[in-house]
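Letter by letter, the chains look like this.
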Amino acid sequence: MHDPSARADALYDKVRHVIPPMEWPVFRDDVAAILELKRQRDAVILAHNYQTPEIFHCVADIVGDSLALARKAMEVEAGVIVLAGVHFMAETAKLLNPGKTVLIPDTEAGCSLAESVTPADVRLMRERYPDVPVVTYVNTSAAVKAEADICCTSGNARQVVESLGSSRVIMIPDEFLAQNVAAETDVEIIAWKGHCEVHELFEASDIRELREAYPGVTVLAHPECPPEVVAEADFSGSTAAMTDYVATRKPPRVALMTECSMSDNVAVAHPDVEFVRPCNLCPHMKRITLANIREALEHDRHEVTIDPLVARRARLSVERMLAV
Ligand code: 13P
Ligand code: SF4
């Protein structure tokens, strides 16, 4: 089928469960234009699990959590990568595949965790705790990654910490992720005070209330949630691990304590699962729209560049993580 409008309409079938028919005409033209632009520009779109369903299911070529997007960015052969996600994800793609043009449709798509720490903060921690290895969460700038020994994501945090063979590790910047890892390992974790503005809003009492209102509900929580929320949940894991849990365990009724689009995106493949939606929106993820993805492809904006000296050191941190 070569007609992009017909291809767009065929894609609607996939998402009709989560996008009402009266909303589809709002997206249809942009979806058709993006399908065509990707072909003309030799571009691929990488989308994080928190992107809205019309992006995630209709125009993205590669989807996943931060770890999967990093791994798959490295393998991209097309000339242009559009990162439908937040800025640190686009930087990670550029670090791992520096020969490609990496575009982020809105440069303001940031992250409260990445904002919470600077390279000078990391250097200060090293002075305070000499000889203690530094793990930075992937939700940091390339400049912060350049100061670290190794990176981690929510999908491999514990393995990365334990891979270092040290009895103490500094984990920057997510305090809750650090505390959640500390609960699972014998390694002593020195944390930073950063928080995800989306996941810090969940409370353990939310889960208790959900269990009363929705008997039998299975609760999955992202490890950026406070430890008391994770303790109250049935399972905690990265966005990919939550997706896999639903796919393999098929709970009849599920609540994902995470960003709102996750439930919509997972629900597309599981119309038989009831999703209870106690979600919070990430304002940064939501800056990415079909309209600005289309503009990114039409006008080559906004290209992600990283100072070569910073990139060289930051890449080492990410590559060490991928080797764990
Ligand atoms: P994941 O790596 O689990 O997808 O998490 C990324 C993120 O930003 C969560 O808030
Ligand atoms: Fe950052 Fe939280 Fe948004 Fe993820 S959900 S991008 S951690 S602010």
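### A look at the packing of helix H5 (residues 87–96) against helix H16 (residues 308–323)
- Relative orientation of the contacting elements H5 and H16 amounts to 90 degrees, with a least axis distance of 9 Å. Here H5 lies roughly perpendicular to H16, going by the angle between them. Contacts between H5 and H16 pair Thr92, Leu95 and Leu96 from the former with Ala311, Ala314, Arg315, Val318, Glu319 and Leu322 from the latter.
- Looking at the contact of H5 with H16, its residues break down into six nonpolar, one polar and two charged.

### Section: the site of ligand 2
- As a structural note, the neighbourhood of ligand 2 is formed by Tyr50, Val86, Cys111, Ser112, Leu113, Asn139, Cys196, Val198, Glu224, Cys282, His284 and Met285.
- Its residues assigned to classes, the shell around ligand 2 comprises eight nonpolar, three polar and one charged.

### Here we look at the site of ligand 1
- Residues in contact with ligand 1, as listed here, are His48, Tyr50, Asp65, Ser66, Asn139, Ser154, His199, His222, Glu224, Ser238 and Thr239.
- Between an oxygen atom of ligand 1 and a side-chain N or O atom of His48, the distance comes to 2.6 Å.
- At 2.5 Å, a side-chain N or O of Thr239 approaches an oxygen atom of ligand 1.
- Relative to its unbound accessible area of 300 Å², ligand 1 is 96% covered by the protein chains.

### Overview of helix H13 (residues 239–249)
- Of all the residues in H13, the buried ones are Thr239, Met242, Tyr245 and Val246. The buried residues of H13 occupy an angular sector of 115 degrees when projected down its axis, which confines them to one face.
- For H13, the secondary structure elements touched by its buried residues are strand E1 (43–48), strand E9 (218–221), strand E10 (235–236), strand E11 (253–257), helix H14 (260–269) and strand E12 (274–276).
- Where H13 terminates, the next one or two residues include Lys250, which has phi positive at roughly 45 degrees.

### Focus: the packing of aromatic side chains
- Tallied over the entire structure, the rule returns three aromatic pairs.
- Measuring from centroid to centroid gives 6.5 Å for Trp24 and Phe27, while their planes differ by 65 degrees, and the two rings are edge-to-face. Taken together, the residues span about one helical turn, with Trp24 and Phe27 both in helix H2 (residues 24–41) at a distance of three residues.
- Taken together, Tyr12, Trp24 and Phe27 form an aromatic cluster joined through their ring pairs.

### Here's the deal with a negative patch on the surface
- A cluster of acidic residues, Glu203, Glu209, Glu212 and Glu228, forms a negative patch on the protein surface.
- With respect to the helices and strands, the residue Glu203 is situated in the loop between strand E8 (188–191) and helix H11 (204–213).

### Some remarks on the nonpolar core
- Within the largest apolar cluster, 93 residues are counted, with the highest numbers of intra-cluster contacts made by Val31, Leu46, Met171 and Ile293.
- In terms of residues, this core owes the most to one element, H2, which gives seven residues.
- Contacts of Ile293, omitting those with residues within four sequence positions, involve Ile34, Ile45, Ile55, Val82, Ala84, Pro105 and Ile288.
- The next biggest cluster of nonpolar side chains, apart from the first, holds 13 residues, and it includes Phe202, Val229, Met257 and Val276.

### Remarks on the sheet that holds E8
- The strand order across the open sheet formed by four strands is E6-E5-E7-E8, and the pairing between neighbours is parallel. The sheet is open, and its two edges are formed by strand E6 (150–152) and E8, each paired on a single side. Sheet twist, expressed as the mean angle between neighbouring strand axes with direction ignored, is 35 degrees.
- Taken together, the three bridges between strand E5 (residues 134–137) and E6 define a ladder with parallel strand orientation. Paired with Thr136 across the strands is Cys151, a residue of E6.
- Contacts from helix H10 (residues 175–182) reach E5, E6, strand E7 (168–172) and E8, with the element oriented near 170 degrees to E8.

### Section: the sheet that holds E1
- Taken together, the four strands give an open sheet; going across it, the order is E2-E1-E3-E4, and neighbouring strands pair in parallel fashion. The outermost strands of the open sheet, each flanked by one partner alone, are strand E2 (62–64) and strand E4 (101–103). This sheet shows a mean twist of 20 degrees between the axes of neighbouring strands, independent of strand direction.
- Looking at chain direction, E1 and strand E3 (residues 80–84) are connected through five bridges and run parallel. Note on E3: the bridge partner recorded for Ala47 is Ala84.

### Considering the state of the cysteines
- Enumeration according to the criterion identifies one disulfide in this entry.
- Between the sulfur atoms of Cys260 and its disulfide mate Cys279 the distance is 2.2 Å. Sign of the S-S torsion, about 95 degrees for the bond between Cys260 and Cys279, identifies this disulfide as right-handed. Placement of the pair is Cys260 in helix H14 and Cys279 in the loop between E12 and helix H15 (290–299), with a sequence separation of 19 residues.
- Relative accessible area serves as the criterion here: at 14%, Cys260 is assigned to the buried category.
- Among the residues examined, Cys279 registers a relative accessible area of 24% and is labelled partly exposed.

Procedures and definitions
Residues numbered from 1 in each chain as written. Chains lettered and ligands numbered in written order. Predicted model: local features only at pLDDT ≥ 70, side-chain atom pairs only at ≥ 80, totals over all residues. Heavy atoms only, no water. Axes fitted to C-alpha atoms, helices over the stretch in contact; angles between N-to-C directions. Helix = DSSP H or I, 4+ residues; strand = E, 2+ residues; numbered from the N terminus. Parallel < 35°, antiparallel > 145°, perpendicular 65-115°, else oblique. Contact = heavy atoms within 4.5 Å. Nonpolar A, V, L, I, M, F, W, Y, C, P; charged D, E, K, R; others polar. Near = heavy atom within 4 Å. Polar contact = N/O pair within 3.5 Å; in protein donor to acceptor, adjacent residues only side chain to side chain. Areas by Shrake-Rupley, 256 points an atom, 1.4 Å probe, with all protein chains shown as cover. Buried < 20%, exposed > 50% of the residue type's maximum accessible area, 1.4 Å probe, protein only. Arc of directions from axis to C-beta. Phe/Tyr/Trp six-rings, centres within 6.5 Å; stacked < 30°, edge-to-face > 60°. Patch = residues over 30% accessible without salt bridge, like charges linked within 9 Å, V, L, I, M, F, W, Y side chains within 5 Å. Salt bridge = Lys/Arg side-chain N within 4 Å of Asp/Glu carboxyl O. Lys, Arg positive; Asp, Glu negative; His and termini not counted. Charge placed at Lys NZ, Arg CZ, Asp CG, Glu CD. Core = buried A, V, L, I, M, F, W, Y, C linked by side-chain atoms within 4.5 Å. Pairing = 2+ DSSP bridges. Disulfide = S-S within 2.5 Å.

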